[in-house]
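So you can see what is in the structure, the chains are spelled out below.
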Amino acid sequence: MAEKYLPGDLQVIEAPSSRAWYDLPVPMKKGTYSHAGTPKHAAYLGLPNVREWQPHNEDWKLPDDWKEILLKGMRERLGKFRSFRLFMEMCVRCGACADKCHFYLGTGDPRNMPVLRAELLRSVYRGEFTLSGRLFGRLVGARRLTESVVKEWFYYFYQCTECRRCAVYCPYGIDTAEITMMGRELLNLVGVNINWIVEPASNCFRTGNHLGLQPHTIRDNIEFAVDEIKGITGVTVEPSINRKGAELLFVIPSADIFADPHIYTFYGYLMLLHELGIDYTFSAYASEGGNFGLFHSNELMKRLNAKIYAEARRLGVKWILGGECGHMWRVLHQYMDTMNGPADFLEVPASPVTGTVFENARSTKMVHVCEFTADLIHHGKVRLDPSRNDRLRVTYHDSCNPARSMGLFDEPRAIIRASCNNFFEMPEQTIREHTFCCGSGSGIGTDENLEIRLRGGLPRAQAVSHVRERHDVNTLACICAIDKATLPTLLNFWVPGVEVYGVHELVGDALVMRGESPRATTLRGEPLAEETNAGE
């Protein structure tokens, strides 16, 4: 679908209107919003006000008492979440966040500045919940809740990827992603949501994963991966599913066993764990690390996260290893303790190979596969031949949630440097905690809103273009399933010639396995240069 857009067209930014922001209509332009949640999936989740509707309809078929529902919901959340009340009160409009949002940079729409996106909610807070707001209205930045405001909330809260880059720069620590989350949660009270969140969440409740893969499909896909690895390396790896008594439960994003290029990362996992003799199992029920509840409501997030730990208890594992996923890690590291409580029935994770105790996972009992692999490399337990990746000139995209929510900066880089000889960083203000979002996170990675995704991803693409021009970079590595799904389209549009890889795909290609056949191809089936084949 990207071919219907031209890069030159999407680099045009309209001049800001001279009218006050709260007088501007909601654009609701095709290509910039997602489709509504379908009744089938909304009903399965037990969501309110299930009906057929679309954002471009004039009548959204809100319940008769929609205003009372929203104000009651807002009042309850102001009382329940201290952070929400603080964020409604404390912004001084310094503007430090204004130019930090990729959607503002890509669209020039002032309501995509984090400070103004938050004002969409703050203005109603003042107008409906404060005396000064009720008395003085716009003089104090207040307004009342109307149907137009509801449509504005929908449009702009679903143009925020909750990446939290703006929060890095806020001198008061205001996390606008939390405001977006509250805005979306309120909208869901009256049945206003998008299908690319409702459907994956519904699938996850039915089958254990976002894609709706049945257990036999999961087994078939894993067996397919085993056959592919055998064909490439001559080594038979032996993963297990639903095996009780394994030491580790390995939870991955379901895209890793279904999608391209994710599947090559999956090959890398299997090869590494086989080479080290790790005792692990997958679960056909906890077959999804991702948690689209994060983009819907606290309640849905809590319910989806619980299944991982229910499976860990049922299978009797000691601790959990997690794959290359984004928002799974944000849920675990920021909300798990509060929502589901510490996993006291599991052991504090310790590497069975190096003995390293992962103290940072003392509460969650879950270790990121990059932490696990970086520790192996640090202790010299893995034989890697980086020359096998010499055809690649690699840069690394810090996926927002593992980077900003859990500080996972150095481990992926240590793995890439051990697996590749040609690694180049993007500009300093676009990496690590300053990383730019892919533009498609938080459930908005759909086809129907491609224009806003391409615009929102422009700052990321510009940083990739920088290293492409300077260092002839042809590979972008990342550790998020959504990144792997959406960055290929983005880069093909803005920076053609740069391919997307998972970090453990690079490991799999560089890994020298005991008993392996001479490597003729990469995990993608592309030829390896003969002179770089050190596995012979």
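Residues numbered from 1 in each chain as written. Predicted model: local features only at pLDDT ≥ 70, side-chain atom pairs only at ≥ 80, totals over all residues. Heavy atoms only, no water.

Caption draft 1: How the structure looks around the overall build of the protein chain. Tallying secondary structure elements over the protein chain gives 22 helices and seven strands in all. Here the protein chain has a C-alpha radius of gyration of 23 Å; the compact-globule value for 536 residues is 24 Å, and the two agree. Projected onto its principal axes, the C-alpha coordinates of the protein chain cover approximately 80 × 50 × 40 Å. The 536 residues of the protein chain split such that 62% are buried. Counted over contacts in the protein chain with a minimum sequence separation of 6, partners at least 24 positions apart contribute 76%. On the protein chain, the mean spot of the 60 positive side-chain charges and the mean spot of the 65 negative ones are 6 Å from each other. (Helix = DSSP H or I, 4+ residues; strand = E, 2+ residues; numbered from the N terminus. Rg over C-alpha atoms; globule rule 2.2 N^0.38 Å. Buried < 20%, exposed > 50% of the residue type's maximum accessible area, 1.4 Å probe, protein only. Contact = heavy atoms within 4.5 Å. Lys, Arg positive; Asp, Glu negative; His and termini not counted. Charge placed at Lys NZ, Arg CZ, Asp CG, Glu CD.)

Caption draft 2: Looking closely at the sheet that holds strand β7 (residues 499-502). On the basis of which strands lie adjacent, the open sheet formed by three strands has the order β5-β6-β7 and parallel pairing. The sheet terminates laterally at β5 (394-396) and β7, the two strands that pair on one side only. The average undirected angle you get between the axes of adjacent strands in this sheet is 35°. Pairing analysis gives three bridges linking β5 to strand β6 (residues 475-478), with the strands arranged parallel. Looking at the pairing, Thr 395 lines up with Leu 476 of β6. Of the strands in this sheet, β5, β6 and β7 touch helix α22 (residues 503-510), which is tilted by about 80° from β7. (Pairing = 2+ DSSP bridges. Axes fitted to C-alpha atoms, helices over the stretch in contact; angles between N-to-C directions.)

Caption draft 3: The arrangement of the sheet that holds strand β3 (residues 319-322) in detail. One open sheet holds the four strands; their spatial order is β2-β1-β3-β4, and the pairing between them is parallel. The two strands at the open ends of the sheet, each matched to only one other strand, are β2 (280-281) and β4 (366-368). Relative to β3, strand β1 (residues 248-251) runs parallel, the two being bridged by four bridges. The residue of β3 that forms the bridge with Leu 249 is Ile 320. Most of the contacts of helix α14 (residues 298-315) go to β1, to which it runs at about 150°, and overall it touches β1, β2, β3 and β4.

Caption draft 4: A look at the confidence of the model for the protein chain. Per-residue confidence for the protein chain gives a mean pLDDT of 94; residues scoring 70 or more make up 98%. In this model, residues 531-536 is a region of pLDDT below 50 whose contacts with residues beyond four sequence positions or in other chains number 15 contacts. (pLDDT = per-residue confidence, 0-100.)

Caption draft 5: Inspection of the packing of helix α18 (residues 410-419) against α22 at higher detail. Interaxial distance between α18 and α22 falls to 9 Å at its minimum, and their mutual angle equals 30°. Relative to α22, the element α18 lies roughly parallel. Two packed elements cross with a definite hand, and for α18 against α22 that hand is left-handed. Packed against α18, whose contacting residues are Pro 412, Ile 415, Ile 416 and Ser 419, the element α22 presents Val 503, His 504, Leu 506, Val 507 and Ala 510 at the interface. Residues belonging to the contact of α18 with α22 are distributed by class as follows: seven nonpolar, two polar and no charged. (Parallel < 35°, antiparallel > 145°, perpendicular 65-115°, else oblique. Left-handed = near helix turned anticlockwise from the far one by under 90°. Nonpolar A, V, L, I, M, F, W, Y, C, P; charged D, E, K, R; others polar.)

Caption draft 6: Quick look at the pattern of salt bridges. Applying the stated criterion across every chain, the model contains 30 salt bridges. Notably, a salt bridge pairs Glu 128 with Lys 67, separated by 3.9 Å at the nearest N-O pair. Separated by 61 residues along the polypeptide, Glu 128 in helix α6 (residues 114-129) and Lys 67 in helix α3 (residues 66-80) bring together distant segments of the chain. Glu 162 is the partner of Arg 330 in a salt bridge, and the nearest nitrogen-oxygen pair spans 3.9 Å. Taken together, the positions of Arg 330 in helix α15 (residues 327-340) and Glu 162 in the loop between α8 (147-157) and α9 (165-169) put the pair 168 residues apart, joining distant regions of the chain. Given the relative accessible area of 2%, Glu 162 is considered buried. Among the charged side chains, a network of salt bridges with common partners joins Arg 93, Glu 119, Arg 122 and Arg 126. (Salt bridge = Lys/Arg side-chain N within 4 Å of Asp/Glu carboxyl O.)

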